[in-house]
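Per-entry structural report
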Amino acid sequence: MGKWTRRAFITTGVLAGGALAVGVALRPGHRAPEVAGEVTESGESLINMWVKVGTDNRVTLIAPHSEMGQGAHTALTQMLADEMDVRWEDIAYQEAPAIDAYANWALGKGFILGDADIPAALVPTVNGVFLQAAKAMKLQVTGGSTSIRATGVYGVRVAGAAARELILEAAAERWGVASSTLVARDTHVEDPTSGRRAPYAEFAAQAATQAPSTSPRLKSPQDFRIMGTSRPRLDVPAKVDGSAQFGIDAQVPGMHYAAIRQAPVFGAKLTDVDEQPAEAVAGVKQVVRLENAVAVVADSYWTASQALSRLTPRWEETENDAVDSDSLKRRFQDSIAGAQEGSGPSQDEEWGDADAAFAGAAAVVEADYHVPFLAHACMEPMNATARFTEEDCDVWVGTQNPLGFRHEVAAALDLDLDAVTLHQHYMGGGFGRRANGDVAIQAALVSRAAGVPVKLIWSREEDVRHDHYRPSVTSSFRAGLNATGDVVAWENTYHEKHEPAEAPLIPYAIPARRIGHTDVPTHVPFGPWRSVDHSQHGYFTEAFFDEVAVAAGRDPFDLRMALLEGRERHQQVLRTAADMARWDEARPRGHGRGISLQESFGSIVAQVVDVHIEDGGLSVDRVVLAIDPGFAVSPDGLTAQMESGVIFGLTAALFGEISIEKGAVVQSNFHDYPMLRMDKAPRIETHIINSYAAWGGAGEPGTPGIAPALVNAVFDATGIRVRELPLAKQDFSDWG
Amino acid sequence: MVRLAINGQERELDVDPAMPLLWAIREQVGLTGTKFGCGIAQCGACTVHLNGIAIRSCVTPVSLAAGGEITTIEGLAATAPGPGLHPLQQAWIDEQVPQCGYCQSGQLMSAAALLENNPDPDDDAIDAAMAGNVCRCGMYGRIRSAIKQAASQSVVETYVPGEADHG
């Protein structure tokens, strides 16, 4: 989609470290005065769109990224502090308001002036139905692991360096010296010649009147003082004493509470409901009918949910009422088989002559893989608080896309955009789920109907059954080996493609490759789920590669290294993980070790997993992970993201399954959609390699590689190939 | 009317006695640090102390807590000697435990109850006490480290050098 391709992204990235041609916040002209009223308080000077300085010499970064625990606020702040030479004690973060000036498109415009589209990495984080092309320009998305590698690298660093230049110039003018003789250090300007020293604040007002340079000089890595160090996260203190305000904690005068039940079958509408049983409950204010749901508004959430349980809404019949997981899987398989036999799939990659390579192969390895739908199951169930009046609508919510939510609410209630105000909160998990505005729209509609401010909270059951799901995918593989065991051909056909486009591609130098997909639309809503398509294809390709290695009589690590010839970053990551995990060390019967390699969102990750089978159960003992993110802005922050990504992927690989019966989701809560818990969590070791290549992402790259390394370890331990997840379905009772 | 003490403060709540304590704490008392996660005692986000014992407030009717002493995350620091944070809260900061942070009130309350009964827990004891608390961000390794850090501090604090010699 669009002209801002991944290739353009990487090419532009090469400029980092020198002078950037075009800065994001700093397009030609001085736009800060247009937004100063939105983001500054008395005494604060907005130097450029993203940087303000207070009279107390406090420097605040204003950036359009929300915090869901990924540490973006802190890492972005580090980037500004370093480029601007601000003392860590003087820096603060303020999330940009949900206004157009801080939309992601500003980012795109920074790259390709006047003709930018949304970057491919962000596409999956928006609702595929409601937020396509035209509205895509109105996004303010935190997703696609882009905060650091896009906003940070092309926005915050440039903004910091430009602000530093302006402050030095203002000081030079005041003191009647050349700015080149001045030094910026610790939020102060110093004149080594005269010994004068003054805080930034003294020059901020003057600096704010000047248009910033679009190509300030950025620091080289050897000059970094704050980037590359681990700073305590800014949001942590509030998260240990209960004071952090999540969306669900919003309190508005006169607020009522709402519980909701949505049509079990996606797409079905409410046909009728007898409101009386709920209205008879003391404390209930109103029953509200929505197109596909019924909500009860009451003086407490408990009352609302109790009253809701007394209702028996009727839903319209749909063509999907008989759909189940098995019938969907057959459709996926039929689609793939049809493409293989018929006109062929849509090609992702065609390299070499696969037909000839297979025709000449001495042996062919074939396998089909399958993964189920998955829910996000954020710890904080979906919720939003809304106050609708005749003039306007305020929404309190934690969202990965504040500006998009404003547009969605305005569109759903037929309001001018200016009439909708969004109050951003911390998110109790996001993982892609909180890019979708469904619950904010519902809260606004219920508030309008009830005539009071309403906090709408989904029960966990609603949250599990009305997610936007990681799709269920089937993937079919063939690989050809020649007489000496070399891999000569790789063919992969799967269904359902989203983003990133390169997710099913492999880094290995196999001379003939053909990778393609079919499209099998289902009625189950799609949503981006941590690492998006990499979450399936990382498992598929790296598990099948292991099968190919075994068939070729090669060690899985050795064969990867051989086929990565010339890809030095990949090789170093793989070698590091293998060395740290003692790949070659023998393991006793019932113990196994598996390896995987996956590049995603600009970072390269290798994982080695140790497992053993005991009393018929699988124990995941250790995960060793190596990552080359280009550069780790916060090593501990990156490590935390790897640990988190591994547990997220491991939870899915071991337990995760959303199944469909009669068109609806079967699972409902943590008893039947289980999470990995502390007693089963492995030890995780992370090793970071700074290669100083283009900076990559952190939030997602830890997730894709854990499932394949795990199933490869299970094979190593048991000889059992796990081609369908979750592993909970696998019987190990013959083992251990 | 249900009478109970929350973080040392006497309260009279005019609520349905069947209402789970969670919602009374959040909506009636206005202490929102205690979180709703599942409503069926499966995730631990709602953990508070009732008379010193960790309970899941999402399934505990207010009537069962009547007359009891409740401690929530907002009152945790005050249960430890001295000013400032509870040793676990400080350990949580030192180990940079929270990510999204939503489950952490419950994690801390479970951990505090554990250390109250077992000042120096081993891995199995930590697993047993903490397996009821889900962290979707997967910070189990850091939670374990932080509990051990806090435990080692409290052991140091209560150990008086030479006491055994004189005993």
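A quick note: this is a predicted structure, and the numbers were derived from the prediction, not measured.

Overview of the overall build of chain A
- Scanning chain A from terminus to terminus reveals 19 helices and 27 strands.
- Computed over C-alpha atoms, the radius of gyration of chain A comes to 27 Å, within 12% of the 27 Å expected from 2.2 N^0.38 for 736 residues, which places it in the range of a compact globule.
- By its C-alpha atoms, chain A is 80 × 70 × 50 Å across when sized along the principal axes.
- Considering chain A as a whole, with its 736 residues, one finds that 57% of them fall into the buried category.
- Here the analysis covers contacts within chain A between residues at least 6 apart in sequence; of these, 77% occur between residues at least 24 apart.

Details of the overall build of chain B
- Scanning chain B from N- to C-terminus turns up eight helices and five strands.
- Secondary structure elements of chain B occur, N-terminal to C-terminal, as β-β-α-β-β-α-β-α-α-α-α-α-α.
- The C-alpha radius of gyration of chain B comes to 17 Å, within 12% of the 15 Å expected for a compact globule of 167 residues.
- Along the three orthogonal principal directions, the C-alpha set of chain B runs to about 55 × 40 × 25 Å.
- The buried share among the 167 residues of chain B stands at 57%.
- In chain B, 60% of the contacts between residues at least 6 apart in sequence involve partners at least 24 apart.

What about the interface of chain B and chain A?
- With 44 residues of chain B in contact, the opposing surface of chain A contributes 46 residues.
- Of all the secondary-structure elements, those providing two or more residues to the side of chain B that touches chain A are α1 (21–29), α3 (73–76), α4 (87–94), α5 (104–117), α6 (123–130) and α7 (140–158) of chain B.
- Element by element, the count of residues in the side of chain B that touches chain A is highest for α7(B), at four residues.
- In the side of chain B that touches chain A, the residues fall into 24 nonpolar, 14 polar and six charged.

Description of the pairing of strand β15 (residues 383–388) of chain A
Residues and elements named next belong to chain A.
- Across the six residues that make up β15, a large majority, six, are buried.
- The side-chain alternation of β15 yields two buried faces, one formed by Asn383, Thr385 and Arg387 and the other by Ala384, Ala386 and Phe388.
- Judged from the four bridges that link them, β15 and strand β18 (residues 454–457) form a sheet pairing that is antiparallel. Paired with alanine 384 across the two strands is leucine 456, which belongs to β18.

A word on the sheet that holds strand β3 (residues 59–63) of chain A
Residues and elements named next belong to chain A.
- On the basis of which strands lie adjacent, the open sheet formed by four strands has the order β1-β2-β3-β4 and mixed pairing. The sheet is open, and its two borders are formed by β1 (45–48) and β4 (91–95), each paired with just one other strand. Mean inter-strand twist for the sheet, computed between neighbouring axes without regard to direction, equals 30°.
- Taken together, the three bridges between β1 and strand β2 (residues 51–53) define a ladder with antiparallel strand orientation. Across the sheet, leucine 46 pairs through a bridge with lysine 52, a residue of β2.
- Of the strands in this sheet, β1, β2 and β3 touch helix α6 (residues 147–175), which is tilted by about 115° from β1.

A short note on the nonpolar core
All names here are of chain A.
- Counting 266 residues, the largest nonpolar core has Ile167, Ala258, Ala295, Val296, Val395 and Leu710 as the members making the most contacts within it.
- Considering every element that reaches this core, the biggest residue donor is α6, with 15 residues.
- With residues near it in sequence (within four places) discarded, valine 395 still touches Ala384, Ala386, Phe405, Val409, Val420, Leu422, His423, Ala440, Ala443 and Ala444.

Concerning α6(A)
- The principal kink in α6(A), of about 45°, is found at A:Val153.
- Within α6(A), 24 of the 29 residues are buried, which leaves it mostly tucked inside the rest of the structure.

As for unusual backbone geometry
Residue and element names in this part refer to chain A.
- The peptide bond linking glutamate 499 to proline 500 adopts the cis configuration, its omega dihedral lying at -10°.
- Structurally, proline 500 can be placed in the loop between β20 (487–495) and β21 (512–518).
- Positive phi outside glycine occurs at arginine 582, with the angle close to 50°.
- Its location among the elements puts arginine 582 in the loop between α17 (568–580) and β22 (591–600).
- Under the C-beta neighbour-count criterion, arginine 582 is labelled partly exposed, with 13 such atoms within 10 Å.

Some remarks on the pairing of strand β24 (residues 617–628) of chain A
All names here are of chain A.
- Sheet topology places strand β23 (residues 603–614) next to β24; 11 bridges connect them, and they run antiparallel. Each residue of the ladder has a partner; that of valine 608, found in β24, is valine 624.
- Sheet topology places β24 next to strand β27 (residues 683–688); six bridges connect them, and they run parallel. By the bridge assignment, valine 623 is partnered in β27 with isoleucine 684.

With respect to the environment of A:Ala707
All names here are of chain A.
- On the secondary structure map, alanine 707 appears in helix α19 (residues 706–718).
- Accessibility expressed as a C-beta count within 10 Å gives 30 for alanine 707, which makes it buried.
- In this structure the C-alpha to C-alpha distance between alanine 707 and aspartate 555, which are 152 residues apart in sequence, comes to 19 Å.
- Those residues in contact with alanine 707 that lie beyond four places of it in its chain are Gly538, Tyr539, Gly649, Ala653 and Leu725.

Observations concerning the environment of A:Asp672
Residue and element names in this part refer to chain A.
- Within the secondary structure layout, aspartate 672 lies in the loop between β26 (664–665) and β27.
- A tally of 14 C-beta atoms within 10 Å means that aspartate 672 is categorised as partly exposed.
- Distance from aspartate 672 to isoleucine 658, taken between C-alpha atoms, is 9.3 Å for residues 14 residues apart in sequence.

Overview of the confidence of the model for chain B
- This prediction gives chain B a mean pLDDT of 92; 92% of its residues lie at or above 70.
- Both confidence scores are given for the complex: pTM 0.93, ipTM 0.94.

Brief notes about the sheet that holds β27(A)
All names here are of chain A.
- The strand order β22-β23-β24-β27 describes an open sheet built from four strands, whose pairing is mixed. In this open sheet, the two edge strands, each paired with only one partner strand, are β22 and β27. On average, each strand axis in the sheet is tilted by 15° relative to the strand beside it, whichever way the strands run.

Observations concerning the environment of A:Asp368
Residue and element names in this part refer to chain A.
- Mapping aspartate 368 onto the fold places it in strand β14 (residues 363–371).
- Taking the C-alpha atoms as reference points, aspartate 368 and phenylalanine 477, 109 residues apart in sequence, are found 6.1 Å from one another.
- Excluding its chain neighbours within four sequence positions, the residues that come into contact with aspartate 368 are Thr474, Ser476 and Arg723.

Brief notes about α19(A)
Residues and elements named next belong to chain A.
- For α19, which comprises 13 residues, the first-to-last C-alpha distance of 18 Å matches the rise-based estimate of 18 Å (1.5 Å per residue) to within 8%.
- Within α19, 12 of the 13 residues are buried, leaving the element largely enclosed by the surrounding structure.
- Turning to α19, its buried residues are Ile706, Ala707, Pro708, Ala709, Leu710, Val711, Asn712, Ala713, Val714, Asp716, Ala717 and Thr718.
- On its buried side, α19 packs onto α15 (534–551), α16 (556–563), β22, β23, β24 and α18 (635–654).

Topic: the packing of α15(A) against α19(A)
Residues and elements named next belong to chain A.
- Where α15 meets α19, the axes come as close as 8 Å, and the angle between the chain directions of the two elements is 30°. With respect to their mutual orientation, α15 and α19 come out roughly parallel. When you trace α15 past α19, the crossing you get is right-handed. In this structure, α15 uses Gly538, Tyr539, Glu542, Ala543 and Asp546 to contact α19, whose residues at the interface are Ala707, Pro708, Val711, Asn712 and Phe715.
- A breakdown of the residues in the contact of α15 with α19 according to their chemical character gives six nonpolar, two polar and two charged.

Structural notes on the packing of α4(B) against α5(B)
Residues and elements named next belong to chain B.
- Relative to each other, α4 and α5 sit at 130°, their axes nearing to 10 Å. In terms of orientation, α4 and α5 fall into the oblique class. By crossing handedness, the relation of α4 to α5 is classed as right-handed. Where α4 abuts α5, its residues Leu88, Gln89 and Trp92 lie against Gln104, Leu108, Ala111, Ala112 and Leu115.
- Among the residues forming the contact of α4 with α5, the class breakdown is six nonpolar, two polar and no charged.

Conventions we followed
- Residues numbered from 1 in each chain as written.
- Chains lettered and ligands numbered in written order.
- Predicted model: local features only at pLDDT ≥ 70, side-chain atom pairs only at ≥ 80, totals over all residues.
- Helix = DSSP H or I, 4+ residues; strand = E, 2+ residues; numbered from the N terminus.
- Rg over C-alpha atoms; globule rule 2.2 N^0.38 Å.
- Buried ≥ 20, exposed ≤ 12 C-beta atoms within 10 Å, placed from the backbone.
- Contact = placed C-beta atoms within 7 Å.
- Nonpolar A, V, L, I, M, F, W, Y, C, P; charged D, E, K, R; others polar.
- Pairing = 2+ DSSP bridges.
- Axes fitted to C-alpha atoms, helices over the stretch in contact; angles between N-to-C directions.
- Core = buried A, V, L, I, M, F, W, Y, C linked by C-beta atoms within 7 Å.
- Bend = angle between axes of the 7 residues up to and from the residue.
- pLDDT = per-residue confidence, 0-100.
- Expected span 1.5 Å × (residues − 1).
- Parallel < 35°, antiparallel > 145°, perpendicular 65-115°, else oblique.
- Left-handed = near helix turned anticlockwise from the far one by under 90°.

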